[in-house]
Amino acid sequence: MAQINALLRRIPVGAVYMICGMLPVWYLYLGLTGGLGPEPIKALEHELGELALNFLVAGLAVTPLRRFAGLNLLRFRRAIGLLCFYFLCCHLLVWLLLDLQILSEIWTDIVKRPYITVGMAAFLLLLPLAATSNDQSVRKLGPLRWRRLHRLVYPAALLGGLHYLLLAKGFRIEPLVYLGLIGVLIALRVPSLRSRMA
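Residues numbered from 1 in each chain as written. Predicted model: local features only at pLDDT ≥ 70, side-chain atom pairs only at ≥ 80, totals over all residues. Heavy atoms only, no water.

Draft legend 1. View of the overall build of the protein chain. Assigned secondary structure in the protein chain consists of 12 helices and zero strands. Secondary structure of the protein chain in N-to-C order comes out as α-α-α-α-α-α-α-α-α-α-α-α. Compactness check: the protein chain gives a C-alpha radius of gyration of 18 Å against a globular reference of 16 Å for 198 residues, within 12% of the reference. Seen along its three principal axes, the alpha-carbon backbone of the protein chain occupies a region of about 45 × 40 × 35 Å. The contacts of the protein chain with a sequence gap of at least 6 include a subset with a gap of at least 24, amounting to 68%. Averaged over its 21 positive side-chain charges, the protein chain has a centre that lies 21 Å from the centre of its 9 negative ones. (Helix = DSSP H or I, 4+ residues; strand = E, 2+ residues; numbered from the N terminus. Rg over C-alpha atoms; globule rule 2.2 N^0.38 Å. Contact = heavy atoms within 4.5 Å. Lys, Arg positive; Asp, Glu negative; His and termini not counted. Charge placed at Lys NZ, Arg CZ, Asp CG, Glu CD.)

Below you can see the structure in the form of structure tokens.
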């Protein structure tokens, strides 16, 4: 693990932003060239949403991985969080501009469809976290208040997993796995819950 951590320290954080930031462009290219199947807009929307959920799970996993496996990804945690929000914004843009298209129907769709209601709630919870993911905000809020604010990631992650579960048609194991994994990672991060699991 020490060798892996040494290797990770050599990877510039900027490279992570650059490479991962191109993923939505790659998926858009696939959609335009027939690489996402017969329903490219739905597929693009799904891929970007799942990408955001994967990075949300990865962000929750940083501390448990360091504590239990010795894998140190702390220097990438901010990048993981901001990329998650970036993918989520791309997911929303595809829904708004390519799927829904009629902007006057946004509120109707949010209220009418529970999975959209839940997904939008998760987005709103992540919004202040993305806005304060900088050193200036930590100084302005103070470390304690900043950490308390960023605990909003827990309900946001649960809502993201629930959004995926409600979106799935019929019985599918994958959304349940995501939701279960999110629950375990939150339990491992919250001290009171972690002590009960020990």
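Draft legend 2. Main features of the environment of L71. Mapped onto the secondary structure, L71 falls in the loop between helix 4 (40-69) and helix 5 (77-100). On the basis of relative accessibility, which here comes to 17%, the residue L71 falls in the buried class. For the pair L71 and N5, spaced 66 residues apart in the sequence, the C-alpha separation amounts to 6.4 Å. Once residues lying within four places of it in the same chain are set aside, the contact partners of L71 are M1, I4, N5, L8, V62, L65 and R66. (Buried < 20%, exposed > 50% of the residue type's maximum accessible area, 1.4 Å probe, protein only.)

Draft legend 3. Looking closely at the side chain of T132. Residue position: T132 is located in the loop between helix 7 (114-131) and helix 8 (135-141). We classify T132 as buried; its relative accessible area is 13%. If we skip the residues at most four places from it in the chain, T132 touches S137, L141, W146, L149 and H150.

Draft legend 4. Region of interest: the layout of surface pockets. One number sums up the size of the largest pocket: a volume of about 890 Å³. Secondary structure elements with two or more residues in the lining of the largest pocket: helix 4, helix 5, helix 7, helix 9 (143-149), helix 10 (153-167) and helix 12 (191-197). The leading source of residues in the lining of the largest pocket is helix 4, at seven residues. Here the residues of the lining of the largest pocket are counted per class, giving 15 nonpolar, six polar and eight charged. (1 Å grid on protein atoms, 1.4 Å probe; cavity = no way out; pocket = protein on both sides within 12 Å on 5 of 7 lines; lining within 4 Å. Points joined across faces, edges and corners; volume = space filled by probe spheres on them. Nonpolar A, V, L, I, M, F, W, Y, C, P; charged D, E, K, R; others polar.)

Draft legend 5. Region of the structure containing helix 5. Here helix 5 contains 24 residues, and its C-alpha end-to-end distance of 33 Å stays within 8% of the 34 Å for a straight helix at 1.5 Å per residue. At the exit of helix 5 stands Q101, carrying a positive phi of roughly 65°. (Expected span 1.5 Å × (residues − 1).)

Draft legend 6. Spatial organisation of a nonpolar patch on the surface. Nonpolar side chains collect at one region of the surface, where I41, L93, L97, L98 and L103 lie side by side and expose about 430 Å² of accessible area between them. Element by element, the count of residues in the nonpolar patch is highest for helix 5, at three residues. (Patch = residues over 30% accessible without salt bridge, like charges linked within 9 Å, V, L, I, M, F, W, Y side chains within 5 Å. Areas by Shrake-Rupley, 256 points an atom, 1.4 Å probe, with all protein chains shown as cover. Salt bridge = Lys/Arg side-chain N within 4 Å of Asp/Glu carboxyl O.)

Draft legend 7. Structural view of the nonpolar core. One finds F55, L60, W95 and L126 to be the most contacted residues of the largest nonpolar core, which totals 51 residues. Counting only elements with at least two residues in this core, the list comes to helix 2 (13-21), helix 3 (23-32), helix 4, helix 5, helix 7, helix 10 and helix 11 (173-189). Counting residues per element, this core draws most heavily on helix 5, at 13 residues. Those residues in contact with F55 that lie beyond four places of it in its chain are C20, I80, L83, C84 and F87. (Core = buried A, V, L, I, M, F, W, Y, C linked by side-chain atoms within 4.5 Å.)

Draft legend 8. How the structure looks around the side chain of D109. Here D109 is to be found in helix 6 (residues 106-112). Other than its neighbours up to four places away in sequence, D109 contacts W95, L100 and I116.

Draft legend 9. Summary view of the packing of helix 5 against helix 7. With their axes 11 Å apart at the nearest point, helix 5 and helix 7 run at an angle of 140° to one another. When the axes of helix 5 and helix 7 are compared, the pair comes out oblique. In this structure, helix 5 meets helix 7 at a crossing whose hand is left-handed. Each of L82, F85, L88, C89, L92 and W95 in helix 5 lies in contact with helix 7, whose residues at this interface are I116, M120, F123, L126, L127 and A130. Here the residues of the contact of helix 5 with helix 7 sort into 12 nonpolar, no polar and no charged. (Axes fitted to C-alpha atoms, helices over the stretch in contact; angles between N-to-C directions. Parallel < 35°, antiparallel > 145°, perpendicular 65-115°, else oblique. Left-handed = near helix turned anticlockwise from the far one by under 90°.)

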